[in-house]
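Inside the fold
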Amino acid sequence: MPSRTLPFAALTFLSLLSLGCGKSSGLKPDGSPHDGDGAGCAGDPVLCVQGAPSGTGVGCGGQGAPATCVGGHWTCPADSVDERTCTCGEPGISCTPQICTAHGPVCLDAGVDAAEAPDGGADAEDAPVLDASTCAFSATYTFYDDGGLRALSYRTVLAPPRTDTLQRIPAGSTSGVACPRETSCASTSAISVGQIEAAVGNADVQAALAKPQGMVYGTDSRPSDGSVLAFERGDGKGFFIGGGTVPAGLRALEQLLHALQAESLADPACEALAP
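Residues numbered from 1 in each chain as written. Predicted model: local features only at pLDDT ≥ 70, side-chain atom pairs only at ≥ 80, totals over all residues. Heavy atoms only, no water.

Turning to the packing of helix 3 (residues 193–200) against helix 5 (residues 248–266), a few remarks are in order. Where helix 3 contacts helix 5, the axes come no closer than 10 Å and their chain directions differ by 155°. On the basis of their axis angle, the class for helix 3 and helix 5 is roughly antiparallel. The two elements helix 3 and helix 5 cross, and the hand of that crossing is left-handed. When helix 3 is examined against helix 5, the residues Gln 195, Ile 196, Ala 199 and Val 200 are found in contact with a partner set consisting of Leu 253, Leu 256 and Leu 260. Taken together, the residues that form the contact of helix 3 with helix 5 break down as 6 nonpolar, 1 polar and no charged. (Axes fitted to C-alpha atoms, helices over the stretch in contact; angles between N-to-C directions. Helix = DSSP H or I, 4+ residues; strand = E, 2+ residues; numbered from the N terminus. Parallel < 35°, antiparallel > 145°, perpendicular 65-115°, else oblique. Left-handed = near helix turned anticlockwise from the far one by under 90°. Contact = heavy atoms within 4.5 Å. Nonpolar A, V, L, I, M, F, W, Y, C, P; charged D, E, K, R; others polar.)

Below, the structure is given as structure tokens:
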């Protein structure tokens, strides 16, 4: 039987039909790529950087690379995180030792040499300069992050002479598991009683304690599921520290207390309280 040549229109139809069978073209209708399981990721790829949780924050550093679309979600490789979650890293305050908190890095001893700060000293001015001058709290202090949607929260009570009790409280409850420990008298690697007393004794903190209970300094983000730091003294005086611009002494106290709470969570004796 003599061979026959298909007309051009028929060839075009067969070519289009072959695209609808077997492996897809690799693009969604909007032109964005599919991932391995066929579910696309919305939005631009996130940037992944080397990093991991450290204290109550996320420490990061090194060069970044785009995330991979897996199961409809942008996913970072092992030992890396979404750079938007970083609270400490480059550029950061150049002091040793320091601890990473949810509000940035905090120096644990003498603060920062401004000449060594990468940005010329701005971070050095914000870092608390700590002094261990005593070994007994002058009053009972309670602090915790108030607000936010969370499954659990942490509350710390500092009591004379130098007891530090961290409590993990489930959402909807007023009590939970507690871990008491002693605050250091003087140390180059841990926050001491003297450092806390020096921070509380700062003129900005004393001025805030002299005002009516419950004043908020800075931005109160609780209406939008944010949180503020609540600080209370045993005599009922206290205040809240939010975001934005606040007196330098209040911000230094906030950073110090968050660092102390991170120390407690990292203490093997308080392992049962870890998230």
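On to the state of the cysteines. Two cysteines form a disulfide when their sulfur atoms are joined by a covalent bond. The full count for this structure, using the stated rule, is 5 disulfides. The residue that forms a disulfide with Cys 41 is Cys 69, at a sulfur-sulfur distance of 2.2 Å. On the sign convention where negative is left-handed, the bridge of Cys 41 and Cys 69, at about 95° about the S-S bond, is right-handed. Here the residue Cys 41 occupies a position in the loop between helix 1 (8–19) and strand 1 (47–54), and Cys 69 occupies one in strand 3 (residues 68–70), the gap between them amounting to 28 residues. (Disulfide = S-S within 2.5 Å.)

All right, on to the sheet that holds strand 9 (residues 152–159) then. Strands sit in the order 11-10-9-8-13-14-12 across an open sheet of 7 strands; the sheet is mixed. Each of the sheet's edge strands pairs with one partner strand only, and the pair in question is strand 11 (177–182) and strand 12 (215–217). For this sheet the average axis-to-axis angle between neighbouring strands, irrespective of direction, equals 20°. Of the pairings in the sheet, the one linking strand 12 to strand 14 (residues 238–241) comprises 3 bridges and is parallel in character. Bridged to Tyr 217 within strand 14 is Ile 241. (Pairing = 2+ DSSP bridges.)

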